[in-house]
Amino acid sequence: MQWTDRIRQVKIFLVVAAILIAVASLLVSRSLTHDLAEQEKSKMQVWAEAMKSLSAADENTDLSLVLKVLDENHTIPVVVLNNEGVVTEYRNIEIKARNAKDSIAFITSYGQQMKASGQVIRISLSKNHHDYIDVCYDDSLMLKRIAVYPYVQLGVVLLFVIVAIFALLTSKRAEQNKVWVGLSKETAHQLGTPISSLMAWSTILKETYPDDELLPEMDKDVKRLQLIADRFSKIGSIPEPIPSCLNDVLIHVVDYMDRRTSKKIEMKTELPNEDVIINMNASLFEWVIENLCKNAVDAMGGKLGSITLRLEETDKRAIVEVSDTGKGIKKKDISNVFRPGFTTKKRGWGLGLSLAKRIVEEYHHGKIYVKNSEIGKGTTFRIELRKGKDSML
């Protein structure tokens, strides 16, 4: 649990750090964009004064400097409108029109838009207030690119981070799967030799003490060990789907758990009258139900309580629910209960529910999740399996 909380803290820290970096990047970009916009505005003010000088020039005026200032504007779109709103000059505008009439209409409209947005410098040509020109300008292409670039950059970085995280998680999951498979098969292999010896000794004891009442129980435990070894050996391989009765699986689990749990805990079943047949690996699925029941027993901590196994079916699904009256799960932990290594037990490994999720989702293509949980009242786990021939495809 501490490990899971640490991982959550690291994720929160990384998210906060990423947000701070993004905000800092946008603020710096905004500052640079503002400075460049002020420079362009200053240039346009000089350009507007040059237009005023050109309009007021006579035959004795030296226009070389004025024309140089006007000609040096190669980047900032500008439209000059007279006091009647007629275009008298324009520069650096990409015209989108079919003919000359449409071109004038396009430029006029563009100029009016710039004027309406406040990007305009009014130059008085005389003392008459009605004698003026409006120099309307827009941001240069470079300024627009600089303003948009940080968002594009952040988008690319975010996409790269998402892909990198997905690749890391996929790689980590593949590595974990290899560890699971290797550990499971090695466990099955290691169990094989002592189980074979126990079977041999059991046979000898039966011949020597044929009337001993404890030998049948010992034989059941040996067969149980065989079943466990068989389950471990199937982890990592594709199980063969066999039509199996879910009713029988649940009854078998209840029978097994009822004899091995405290008398304070009552095992209940709510099963339909008709058999529910599913293509499945009964041995592995039985393991899932046993894990849920064992967790339910632990959740009750030796107190009075009950575990209810409920089965129902719809047209397309079979639904199994395992409910207990235990201590419940905290809301913050519900999303972590299926993570490898997560446990609320002092001596737990946190592997049971992780294996259960793998068996249900990867081998049977179903779903397993916490349907509801309330502190002090209990928890319900829900498993949904597809019916029909494609239930394990």
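Use the structure listed above.
Just so it is clear, the structure is predicted and the values come from calculations on it, not from any experiment.

Peer 1: Tell me about the sheet that holds strand S11 (residues 378–386), and please be specific about residues and values.
Peer 2: The strand order across the open sheet formed by five strands is S6-S8-S9-S11-S10, and the pairing between neighbours is mixed. Where the open sheet ends on each side, the last strands, each with one partner, are strand S6 (265–270) and strand S10 (367–374). Neighbour to neighbour, the strand axes of the sheet diverge by 15 degrees on average, direction disregarded. The pairing of strand S8 (residues 305–313) with strand S9 (residues 317–324) spans seven bridges and is antiparallel. Pairing of leucine 309 across the sheet is with valine 322, part of S9. In this fold helix H6 (residues 246–258) packs onto S6, S8, S9 and S11, with an angle of close to 170 degrees to the strand it touches most, S8. Contacting S6, S8, S9, S10 and S11, helix H7 (residues 282–300) crosses the sheet at an angle of about 150 degrees to S8.

Peer 1: Account for the sheet that holds strand S3 (residues 120–124), with residues named and values stated.
Peer 2: Spatially, four strands are ordered S2-S1-S4-S3 in an open sheet, and the strand pairing comes out antiparallel. Of all the strands in the sheet, just strand S2 (87–91) and S3 have a single pairing partner and so form its edges. Looking at each pair of strands side by side, their axes are set apart by 15 degrees on average, direction ignored. Where strand S1 (residues 78–82) lies against S2, four bridges are found, and the strand directions are antiparallel. In the sheet register, valine 80 faces S2, and the bridge partner there is glutamate 89.

Peer 1: Outline the pattern of salt bridges, listing residues and values.
Peer 2: According to the stated counting rule, one finds 15 salt bridges in the structure shown. Across the pair lysine 206 and aspartate 219 runs a salt bridge whose closest N-O atoms are separated by 3.6 Å. Taken together, the residues lysine 206 in helix H4 (residues 141–208) and aspartate 219 in helix H5 (residues 215–234) connect sequence positions 13 residues apart. Three or more residues are tied together by salt bridges with common partners; here these are Glu270, Arg310, Glu321, Lys367, Lys371, Arg382 and Glu384.

Peer 1: Residues and numbers for the packing of H6 against H7, please.
Peer 2: At a minimum axis separation of 10 Å, H6 and H7 run at an interaxial angle of 45 degrees. It follows from the interaxial angle that H6 and H7 lie oblique. Relative to H7, the crossing made by H6 is right-handed. Between H6 and H7, the residues in contact are Leu246, Val249, Leu250, His252, Val253, Tyr256 and Met257 and Ala282, Phe285, Glu286, Ile289, Glu290, Cys293, Lys294 and Val297, respectively. Across the contact of H6 with H7, the residue classes break down as eleven nonpolar, one polar and three charged.

Peer 1: Please provide a residue-by-residue account of the nonpolar core, values included.
Peer 2: Grouped together as the largest cluster of nonpolar side chains are 44 residues, with contacts concentrated most on Leu246, Phe285, Ile289, Cys293, Ile307, Leu309 and Ile383. Ranked by residue count, the leading element in this core is H7, at ten residues. What cysteine 293 contacts, discounting residues up to four positions off in sequence, is Val253, Met257, Met267, Ile307, Leu309 and Val322. Core analysis: the second largest hydrophobic core is formed by 15 residues, Met44, Ile76, Ile133 and Tyr137 among them.

Peer 1: I'd like a description of the packing of H7 against helix H9 (residues 352–363), backed by residues and values.
Peer 2: The contact between H7 and H9 brings their axes to 9 Å, and the two run at 145 degrees. When the axes of H7 and H9 are compared, the crossing they make is left-handed. Between H7 and H9, the residues in contact are Leu284, Phe285, Trp287, Val288, Asn291, Leu292 and Asn295 and Gly352, Leu353, Leu355, Ala356, Ile359, Val360 and Tyr363, respectively. Along the lines of polarity and charge, the residues of the contact of H7 with H9 split into eleven nonpolar, three polar and no charged.

Peer 1: So what's going on with the environment of serine 233? Residues and values would help.
Peer 2: Relative to the assigned elements, serine 233 resides in helix H5. Of the residues examined, serine 233 reaches a relative accessible area of 30% and is grouped as partly exposed. In the structure, serine 233 is positioned 45 residues away from alanine 188 in sequence and 5.4 Å away in space, judged by C-alpha atoms. Contact partners of serine 233, with chain neighbours within four places excluded, come to Lys185 and Ala188.

Thresholds, definitions, all that
For every chain, the first residue of the written sequence is number 1, and numbering continues from 1 onward in sequence order. Reporting in this predicted model follows two pLDDT cut-offs: at least 70 for local features of residues, and 80 or more for side-chain atom pairs to be given and counted; totals over whole chains, interfaces and linings ignore these cut-offs and use all residues. Processing note: side-chain calculations cover all non-hydrogen atoms of the structure and skip hydrogens and water entirely. The criterion for strand pairing is that DSSP finds at least two bridges linking the strands in question. Segments assigned H or I by DSSP are reported as helices when at least four residues long, segments assigned E as strands when at least two residues long, and all are numbered from the N terminus. Note on geometry: axes are lines fitted to C-alpha atoms, helical ones only across the stretch in contact, with angles between N-to-C directions running from 0 to 180 degrees. Here a residue-residue contact requires only that any non-hydrogen atoms of the pair lie within 4.5 Å. Put simply, a salt bridge is a Lys or Arg side-chain nitrogen that is within 4 Å of an Asp or Glu carboxyl oxygen. Orientation categories follow fixed angle ranges, with anything under 35 degrees roughly parallel, anything over 145 roughly antiparallel, 65 to 115 roughly perpendicular, and all other angles oblique. Note: crossing handedness is left-handed where the near helix turns anticlockwise from the far helix by less than a right angle, and right-handed where it turns clockwise. Residue polarity follows a fixed list, in which Ala, Val, Leu, Ile, Met, Phe, Trp, Tyr, Cys and Pro are nonpolar, Asp, Glu, Lys and Arg are charged, and the others, Gly among them, are polar. Each nonpolar core is a collection of buried residues, namely Ala, Val, Leu, Ile, Met, Phe, Trp, Tyr and Cys, held together in the definition by side-chain atoms within 4.5 Å. Relative accessible area decides the class of each residue, using a 1.4 Å probe on protein chains only: under 20% of the type maximum gives buried, over 50% gives exposed, and in between gives partly exposed.

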